[in-house]
Amino acid sequence: MQCLVGRVAAVDADCADGGVLKAAVEDLRRLKSWVEGREVAFAQQIANVSSFPEKSLAEASNTSLRHGGRLLKRAATAGDVPAFGRSLDSGRVSGEHVDVLTRALRELEPAARAKLIDQGEHLVKLAEHSTADEFARSVRQEARRLEADGDGLERLERQRRDIRCNCWTDKETGMGRWSVTLDPATWVSLEGRLDAQVEAMFHDAHPEGCPTDPFEKQSFLRAHALLALLNGEGLRVGRPEIVVVEDFTNPRPDGRPTLDWGADVDLPAEFLEAVRPTARVYSITVRNGVVIDAPGALNLGRTTRLANRAQRRALRGLYSTCAIPGCCVRYSRTKLHHVIWWRHGGRTDLENLLPICEIHHQKIHNNGWLISLGSNRELTIAFPDGEIMTTGPPKRDAA
């Protein structure tokens, strides 16, 4: 670690060499992971000698009891899966990776939790070669597989019992704050209503005081939409919508497609089957990054600049997030961007539309990012500095 510190310290503050700066950031990442590994090791030891270890850790690190509690949870996970403790201590994974596994273990029933712990060596290898977000998706997939042997509805009922709402006043700003934890079914329902309310209230105009920062703007608009719902001014709720994605990219051994219910959260198939009779169900068939079949008008040509709902549903079968690699903004928060711009003659056809978040949409329009799509929606981005990034066909389980 002394070698890493020396290399980082040797980089000049005014260095303009991109390669040197990237190497320094990589060294910093390893140093940070090593520090987090030391925190975990000391938290394990403090837990053995302190009657209130959260307080001891908070005082020693000049942070909060919540931070102390998070360190203890990391320590417990490292104790259950020692391979993660070793990898964290060597700087190969981060504390965020450990937090992902901590959450997954907490949500599983004892039998499934024990099976996931048994996969510790495999999981740590996944974590060492992926970002925390990518690792989270892999862990969720494995957790779903383990729970398939149990009762998904039982887990949903347990999650419903864990619904919580905490309210407090921020001492620094004087603002009231809420923290709400919802089960997946309730979350999907509320998200749908909130998205519809934002669209209805702010499609044509934004209220006075609306921030210009894209993320702050969305947060501001959603807060006002939520207040409208709480005040009884919400839209009339129609039938729920279910999108079923049939993916033939990697079919099952019997040749049938892999099914994906198209939700942003994990819902038991039994629950979705139960609500299917009262829902609007749309089936999207995809293969190798291409929509093979989807309901509705998917090619609107030059008749309109705005994409329709059928096009949004179809692309939802391919993307779970913004199409820019590594971006984790959920699909429901993206805009459908014309790859060949509308003002350059681009058509509002499915093959010319790409889900892009607000931040990256501005990069494309204002910062000289040039994007193009291949026949299987392989994405190529040419940056102003000459760097080029390419990806394979989109996958719903990978940003």
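No experiment lies behind these values; they were computed from the predicted model shown.

A. Representation of the sheet that holds strand 10 (residues 379–382). One open sheet holds the three strands; their spatial order is 9-10-11, and the pairing between them is antiparallel. Among the strands making up the open sheet, the edge pair consists of strand 9 (370–373) and strand 11 (388–390). Between one strand axis and the next, the sheet turns by 15° as a mean value, whatever way the strands run.

B. Molecular detail of the state of the cysteines. A full pass over the atoms with the stated rule returns zero disulfides. Not engaged in a disulfide, the cysteine Cys327 finds its nearest cysteine sulfur in Cys322; these two sulfurs lie 3.8 Å apart. Of the residues examined, Cys327 reaches a relative accessible area of 8% and is grouped as buried. We note that Cys357 lacks a disulfide partner, and the nearest cysteine sulfur, in Cys327, lies 3.8 Å from it.

C. Main features of a positive patch on the surface. Residues Arg66, Arg70, Lys73, Arg103 and Arg106 make up a contiguous surface patch of positive charge. Of all the secondary-structure elements, those providing two or more residues to the positive patch are helix 4 (65–80) and helix 6 (95–107). Following the sequence through the fold, Arg66 ends up in helix 4.

D. Spatial organisation of the pairing of strand 5 (residues 280–287). Sheet topology note: the strand 3 (residues 241–247)/strand 5 ladder contains seven bridges and is parallel. Paired with Asp247 across the strands is Val286, a residue of strand 5. Bridge count between strand 5 and strand 6 (residues 290–293): three bridges; the pairing is antiparallel. Among the inter-strand pairings, Val286 is bridged to a residue of strand 6, identified as Val291. Between the antiparallel neighbours strand 5 and strand 6 lie two residues, among them Asn288 with a positive phi of about 50°.

E. Quick peek at the packing of helix 1 (residues 2–9) against helix 2 (residues 18–49). In contact at an axis separation of 9 Å, helix 1 and helix 2 are set at 145° when each is read in the N-to-C sense. You can see that helix 1 and helix 2 cross each other, and the crossing is left-handed. Residues Leu4, Val5, Arg7 and Val8 of helix 1 form the contact with helix 2, whose own contacting residues are Ala24, Asp27, Leu28, Arg30 and Leu31. Within the contact of helix 1 with helix 2, the residues separate by chemical class into six nonpolar, no polar and three charged.

About the thresholds
Residue numbers restart at each chain and count upward from 1, following the sequence in its written direction. Only residues with pLDDT of 70 or above have their local features reported here, since the model is predicted, and side-chain atom pairs are shown and tallied only from 80 upward, although totals for entire chains, interfaces and linings are computed over all residues. To get the side-chain values, take all heavy atoms of the structure and skip hydrogens and water. At least two DSSP bridges between two strands are required for those strands to pair. Each helix is a run of H or I in the DSSP string that is no shorter than four residues. Each strand is a run of E no shorter than two, and both are numbered from the N terminus. Whenever a helix is involved, its axis is fitted only over the stretch in contact; in every case the axis is a line through C-alpha atoms, and angles between N-to-C directions fall within 0 to 180 degrees. Only a pair of cysteine sulfur atoms within 2.5 Å qualifies as a disulfide here. Per-residue accessibility, obtained with a 1.4 Å probe over protein chains only, is compared with the maximum for each type, and a residue is labelled buried under 20%, exposed over 50%, and partly exposed between these values. Residues enter patches when their relative accessible area tops 30% and they take part in no salt bridge; the joining distance is 9 Å for like charges and 5 Å for the nonpolar side chains Val, Leu, Ile, Met, Phe, Trp and Tyr. For accessible areas, the Shrake-Rupley method is used with a probe of radius 1.4 Å. Any residue's cover is judged against the shown protein chains and nothing else. The working definition used for a salt bridge is a side-chain nitrogen of Lys or Arg within 4 Å of a carboxyl oxygen of Asp or Glu. Counted charges follow a simple rule, with Lys and Arg positive, Asp and Glu negative, and His plus the chain ends left uncounted. A charged residue contributes its charge at one atom only: NZ of Lys, CZ of Arg, CG of Asp or CD of Glu. Crossing handedness follows the turn of the near helix against the far one: under a right angle anticlockwise gives a left-handed crossing, and clockwise gives a right-handed one. In what follows, a contact means two residues having at least one pair of non-hydrogen atoms within 4.5 Å. Residues are grouped as follows: Ala, Val, Leu, Ile, Met, Phe, Trp, Tyr, Cys and Pro are nonpolar; Asp, Glu, Lys and Arg are charged; every other residue, Gly included, is polar.

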